[in-house]
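Here is how the chains run, residue by residue.
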Amino acid sequence: MNKRRIFLFAVLFIVSLLSASADVYKEEDASNSSSQSTVTKQESQTEALDKVKAFVPQVYDSRLLASSTIDYPATPGDMYQLTYMANNQMLTTQISLDALYTLRVHNLGTLNARGKTFLQLKTEVESLVSKNYPLSGVQFSLVNPGSFFITLQGSHPNPGQKTATGLTRLSDILYELNLDEYPWASLRDVKVISADNQTRTFDYYQVIKTGDLSQNPRLRPGDTIVVSRAQRYVKVSGQIHEKGMYQLLELEGSKELVEDFASGFQPSADTDHIQLFRVSTPGKEPGLFKVLSYEELINEKLENGDEINVPNKQELKHVFTVEGAVNGGNATDLQVSGRYTYRFYTGQKLSDVFKDQGLNVSLAADYENSYFVRDGNSTIIDISKFLFSTDLSQDRELKDGDILVIPFKYNYVWVTGAVAAPGRYPVQVGKTSEYYINLAGGYHKNSIIGKEKIFNAEGEKMPADYVLEPESKIHVPETWFMSFINTYWGYINLLWGIVSGTVLIVTTIMNWIPKPATQ
């Protein structure tokens, strides 16, 4: 008798394996036949959701996933398969769980599955069958998860009745919500009302932010999801880690907004000049409301529609200006004075300015006679020490509004006065005035030779043997009388001709007139 029972048990075990294998093959065939449509559906769903920053529900095979999920709840509509040996016969049947969570196990009894997981229900069913049919090799499996309706209400773009399964979580229903498009739909206090009128409130934002499953419950038959209208929504931009729109509950403020939701400031954030824009101030046009430090912002009551902008320290640097010979260029062509603006942090020095690649000092710059202006007072500075050496004896810390003026010093000598071709001529090392006068075509016929006036770049009069340097000047004087004669001789000669001719005519006429006879 015992051998017969063992034999029957072995046969039952083999039949169960064959049955399970057949089910697997059927599932694979069904899966293969619908794989193309599933992939197409998944791709179209992903493409549509790529445009919004929302939770994307995963596409999965609910039959396989439900069986492998430890906490899958027994759900009305679940279809189970029960296989066992009774009276030397193999029995295989399918049974379902009704809307009252009642599972009738043939004529063996009825089980209440409410509040139980599938694994708990499986244990009870197999225990019940084994109690009535020992060594029956009972097998209880989930063939197809049940589906049910839930209701979506409130401030949602697509409310109405939705289909769910025992695997469906809150995120699978609310994934469409996007704060940039629907800021009024609150993610912070989503209510789930059960079929027995029990209300639970969840912070769905924490699901998006951290994936907190405690705020992402599985949905049950008859649940109603209510999306409230947001109490306050504010926008954060600028030097913050996570820019965007955020919703605040009644007791939340700037501290929670910045540190929790937006993940804090970036290193470049200027936390002393945070800009608060407001659209809801009565009697005022929308715009910049206040500029606050972070400590002041924490104490500021944020209103619906506010926007907070955290500026970059780089944008609020101090300004140092360099004027004059800063456009580049050579040392002989005349150039227009330029201006260069350098933005700096507190503590930076003058030497830092000349390390900036954007500053292009002209070759015509007068390095030794540049001057530094602060609060209206000027100081002569030799900037060649910063450009061509490591001498920092004249270095100084910059202040907002400081100015450095770099004069032009062109590499030529001016020759003016009584020369053939007055003008400017390139400097030649070691040359005196005689050389430059010859370059200017030599003395003019009106010049007073040997009386040249020579001046250095600073306008000081220099001796005749002075070796001229850039921007020196030579003036050759001319005699007044000879200059006057040479200039106006043509006019004088013409006038003299006219006067002489007139006198001659008058004299001739007088000679023609007969003289009166004398008595």
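So, here's what we can say about the structure.

What counts and how
Residues numbered from 1 in each chain as written. Predicted model: local features only at pLDDT ≥ 70, side-chain atom pairs only at ≥ 80, totals over all residues. Heavy atoms only, no water. Salt bridge = Lys/Arg side-chain N within 4 Å of Asp/Glu carboxyl O. Helix = DSSP H or I, 4+ residues; strand = E, 2+ residues; numbered from the N terminus. Buried < 20%, exposed > 50% of the residue type's maximum accessible area, 1.4 Å probe, protein only. Contact = heavy atoms within 4.5 Å. Polar contact = N/O pair within 3.5 Å; in protein donor to acceptor, adjacent residues only side chain to side chain. Pairing = 2+ DSSP bridges. Axes fitted to C-alpha atoms, helices over the stretch in contact; angles between N-to-C directions. Patch = residues over 30% accessible without salt bridge, like charges linked within 9 Å, V, L, I, M, F, W, Y side chains within 5 Å. Areas by Shrake-Rupley, 256 points an atom, 1.4 Å probe, with all protein chains shown as cover. Phe/Tyr/Trp six-rings, centres within 6.5 Å; stacked < 30°, edge-to-face > 60°. Lys NZ or Arg CZ within 6 Å of the ring centre and 35° of its normal. Expected span 1.5 Å × (residues − 1).

With that settled, consider the pattern of salt bridges. For the structure shown, the criterion picks out 14 salt bridges. The salt bridge partner of Arg-339 is Glu-323, with a shortest N-O separation of 2.8 Å. Of the two residues, Arg-339 is situated in strand β17 (residues 338-344) and Glu-323 in strand β16 (residues 318-324); the sequence distance between them amounts to 16 residues. The salt bridge partner of Lys-385 is Asp-391, with a shortest N-O separation of 3.5 Å.

Attention now goes to the environment of Asn-158. With respect to the helices, strands and loops of the structure, Asn-158 is situated in the loop between β6 (147-154) and β7 (160-165). You can call Asn-158 partly exposed: its relative accessible area is 35%. As a C-alpha pair, Asn-158 and Leu-174 span 16 residues in sequence and 9.6 Å in three-dimensional space. Excluding residues that lie within four positions of it along the chain, Asn-158 makes contacts with Leu-152 and Glu-176. Within the local environment of Asn-158, its side chain forms a polar contact with the side chain of Glu-176, the two groups lying 3.0 Å apart.

In spatial order, the strands read β7-β6-β10-β8-β9; together these five strands make up an open sheet with mixed pairing. In this open sheet, the two strands that pair with only one neighbour each are β7 and β9 (199-202). Within the sheet, the average angular offset between the axes of one strand and its neighbour, ignoring direction, is 25 degrees. In the sheet, strand β8 (residues 190-193) pairs with strand β10 (residues 224-227) via three bridges, with the strands oriented antiparallel.

Below, the discussion takes up a nonpolar patch on the surface. Together, Ile-505, Val-506, Ile-509, Met-510, Trp-512 and Ile-513 give the surface a local cluster of nonpolar side chains, amounting to about 670 Å² of exposed area. On the basis of relative accessibility, which here comes to 42%, the residue Ile-509 falls in the partly exposed class.

Overall, mixed pairing links the five strands, which are arranged β12-β11-β15-β13-β14 in an open sheet. Every other strand in the sheet has two partners, leaving β12 (244-248) and β14 (287-292) as the edge strands with one partner each. Neighbour to neighbour, the strand axes of the sheet diverge by 25 degrees on average, direction disregarded. Across four bridges, the pairing between strand β11 (residues 232-238) and strand β15 (residues 307-310) is parallel. Pairing of Gly-238 across the sheet is with Val-310, part of β15. The sheet contacts of helix α6 (residues 254-261) involve β11, β12 and β15, and relative to β12 the element is tilted by about 130 degrees.

Our focus in this paragraph is the side chain of Ser-293. Here Ser-293 lies in the loop between β14 and α7 (294-298). Excluding anything up to four places from it in sequence, Ser-293 contacts Thr-271, Asp-272 and Ile-274.

Time to look at the packing of aromatic side chains. Tallied over the entire structure, the rule returns 14 aromatic pairs. With a centroid separation of 6.2 Å and 85 degrees between ring planes, the pair formed by Tyr-205 and Tyr-246 is classed as edge-to-face. Of this pair, Tyr-205 sits in helix α5 (residues 204-210) while Tyr-246 sits in strand β12, placing them 41 residues apart in sequence. Of the two residues examined, Tyr-205 and Tyr-246, each falls in the buried class. Seen from their ring centres, Tyr-205 and Phe-261 are 5.2 Å apart, and the 75 degrees between their planes marks the pair as edge-to-face. Of the two residues, Tyr-205 is situated in helix α5 and Phe-261 in helix α6; the sequence distance between them amounts to 56 residues. Summarising the burial analysis for this pair, Tyr-205 and Phe-261 share the class buried. Of the aromatic side chains, those joined through ring pairs into one cluster are Tyr-80, Phe-118 and Phe-140. Sitting over the ring of Phe-289, Arg-278 keeps its end group 4.4 Å from the ring centre. Seen from the ring of Phe-372, Arg-396 lies directly overhead, with NZ or CZ sitting 5.1 Å from the centre.

Looking now at the pairing of strand β3 (residues 102-105). Regular strands place side chains that alternate from one sheet face to the opposite one. Burial along β3 is one-sided: the residues Leu-103 and Val-105 are buried and none of Thr-102 and Arg-104 is. Note: β3 against strand β4 (residues 109-112), four bridges, orientation antiparallel. Directly across from Leu-103, in β4, lies its bridge partner Leu-111. Taking the residues that link successive antiparallel strands as the turn, the β3-β4 hairpin has three residues, and the phi of His-106 there is positive, at about 50 degrees.

In this model, helix α3 (residues 118-132) (15 residues) spans 21 Å end to end at C-alpha, consistent with the 21 Å of a helix rising 1.5 Å per residue. Where α3 is buried, its residues meet β1 (79-86), β3, β4 and β5 (139-144).

Moving on, we get to the side chain of Thr-117. Tracing the sequence through the fold places Thr-117 in the loop between β4 and α3. Relative accessible area serves as the criterion here: at 19%, Thr-117 is assigned to the buried category. Beyond its immediate chain neighbours, meaning those up to four positions away, Thr-117 contacts Ile-70, Asp-71, Tyr-72, Pro-73 and Ala-74.

Okay, the pairing of β8 next. Burial along β8 is one-sided: Val-190 and Val-192 are buried, while Lys-191 and Ile-193, pointing the other way, are not. Bridge count for β8 against β9 is four bridges, and the pairing is antiparallel. Bridging across to β9, Val-192 finds its partner in Arg-200. Hairpin connection between β8 and β9: a loop of five residues separates the two successive antiparallel strands, and Asn-197 in this loop has a positive phi of roughly 70 degrees.

Here we come to the environment of Asp-78. Here Asp-78 is to be found in the loop between α2 (62-68) and β1. Taking the C-alpha atoms as reference points, Asp-78 and Val-143, 65 residues apart in sequence, are found 7.8 Å from one another. Discounting residues that sit within four places of it in the chain, Asp-78 has contacts with Tyr-72, Pro-73, Ile-95, Ser-96, Leu-97, Leu-142, Asn-144, Pro-145 and Gly-146. Polar contacts involving the side chain of Asp-78 include one to the side chain of Tyr-72, which spans 2.9 Å.

Of note in the backbone geometry, Tyr-101 takes a positive phi value of approximately 65 degrees without being a glycine. Looking at where Tyr-101 falls in the secondary structure, it is placed in the loop between β2 (89-96) and β3. Classification of Tyr-101 by relative accessible area gives buried; the value is 8%. Despite not being glycine, Leu-135 shows a phi value in the positive range, around 55 degrees. Residue position: Leu-135 is located in the loop between α3 and β5. On the basis of relative accessible area, Leu-135 is assigned to the exposed category, the value being 64%.

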